[in-house]
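# Coordinate inspection notes
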Amino acid sequence: MTITVGDRLPEAALVKAGDTPEQVTTTDFFAGRRVALFAVPGAFTPTCSARHLPTFIEQGDALKAKGIDEVVCTAVNDPFVMAAWAKQAEAHGITMLADGNGAFADALGLSFDGAKFGMGKRSQRYSMIVNDGVVEQLNVEQPGEFKVSSADYLLAAM
């Protein structure tokens, strides 16, 4: 079952990427604040690197001006890949949460099988606003598209 607006995020463990990776739970991480969360199929992939992540880097301040406490990216990658991608993209102000085994994507009902592209399990491309652990807005892309998960779309819908 796919998560919908009004649902509480499922309990899952993620790893906050950085110099020292840190395991966090969704319950603790999203508690008491409003977060703009977006997911990409993979770090360093073409659309994710050239279009998706850059919209959130560019619009981070605008999102915060609308009451967002933190901007977060997740992908089914390990925390070291996520940290390297953030560094290469100069993604200052974006928190990278690694979903290495895809458990969070599965729990949301937003995973897909990318095996035909040699990628294994991946997260669908989406964006959402999470307010104190509850989904306030959800924008899931159709396969192969990049229309509704950008920071610009998220801002316009706020």
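Because the structure is predicted, anything quoted here is derived from the model rather than measured.

## What to know about the overall build of the protein
- Along its length, the protein carries five helices and nine strands.
- When its helices and strands are written in sequence order, the protein yields β-β-α-β-α-β-α-β-α-β-β-β-β-α.
- Its C-alpha radius of gyration of 14 Å places the protein within 12% of the 15 Å reference for a compact globule of 158 residues.
- With respect to the three principal axes, the spread of C-alpha positions in the protein is 40 × 35 × 35 Å.
- Residues counted as buried form 47% of the 158 residues belonging to the protein.
- Partitioning the intrachain contacts of the protein with sequence separation of at least 6 by distance along the chain shows that 63% fall at a separation of at least 24.

## Quick notes on the side chain of Ser150
- Looking at where Ser150 falls in the secondary structure, it is placed in the loop between strand S9 (134–140) and helix H5 (151–157).
- From its side chain, Ser150 meets the backbone nitrogen of Tyr153 in a polar contact 3.1 Å long.
- Every residue in contact with Ser150, bar those within four places of it in the chain, is listed here: His52, Thr55, Phe56 and Ser127.

## Focus: the packing of aromatic side chains
- This structure, assessed with the given rule, holds three aromatic pairs.
- On the basis of an interplanar angle of 75 degrees and a centroid distance of 5.1 Å, the ring pair of Phe29 and Phe30 is categorised as edge-to-face.
- Residue class for Phe29 comes out buried when judged on its relative accessible area of 7%.
- Accessibility expressed as a relative area gives 0% for Phe30, which makes it buried.
- Between Phe38 and Phe56, the aromatic rings sit 3.9 Å apart at their centres with planes inclined by 5 degrees, giving stacked as the arrangement. Of this pair, Phe38 sits in strand S3 (residues 34–39) while Phe56 sits in helix H2 (residues 46–65); the two residues are 18 residues apart in sequence, bridging distant segments of the chain. Phe56 carries the same exposure label as Phe38, and that label is buried.
- The ring of Phe29 has Arg33 sitting right over it, with the charged end atom 4.4 Å from the ring centre.

## Digging into the sheet that holds strand S5 (residues 94–98)
- Here we have seven strands laid out as an open sheet, ordered S2-S1-S5-S4-S3-S8-S9, and mixed in their pairing. Of all the strands in the sheet, just strand S2 (22–25) and S9 have a single pairing partner and so form its edges. When strand polarity is set aside, the average angle formed by the axes of neighbouring strands in this sheet is 30 degrees.
- As judged from the six bridges shared by S3 and strand S8 (residues 126–131), these two strands associate in the antiparallel manner. Each bridged residue has a counterpart across the sheet, and for Phe38 the counterpart in S8 is Ser127.

## What to know about the environment of Leu97
- Position of Leu97 relative to the elements: it lies in strand S5.
- Overall, Leu97 belongs to the buried group, its relative accessible area being 1%.
- In the structure, Leu97 is positioned 73 residues away from Val24 in sequence and 8.8 Å away in space, judged by C-alpha atoms.
- Apart from residues lying up to four places away in sequence, Leu97 is in contact with Leu14, Val15, Lys16, Val24, Phe29, Phe30, Val72, Cys73, Thr74, Ala75 and Met82.

Calculation criteria
- Residues numbered from 1 in each chain as written.
- Predicted model: local features only at pLDDT ≥ 70, side-chain atom pairs only at ≥ 80, totals over all residues.
- Heavy atoms only, no water.
- Helix = DSSP H or I, 4+ residues; strand = E, 2+ residues; numbered from the N terminus.
- Rg over C-alpha atoms; globule rule 2.2 N^0.38 Å.
- Buried < 20%, exposed > 50% of the residue type's maximum accessible area, 1.4 Å probe, protein only.
- Contact = heavy atoms within 4.5 Å.
- Polar contact = N/O pair within 3.5 Å; in protein donor to acceptor, adjacent residues only side chain to side chain.
- Phe/Tyr/Trp six-rings, centres within 6.5 Å; stacked < 30°, edge-to-face > 60°.
- Lys NZ or Arg CZ within 6 Å of the ring centre and 35° of its normal.
- Pairing = 2+ DSSP bridges.
- Axes fitted to C-alpha atoms, helices over the stretch in contact; angles between N-to-C directions.

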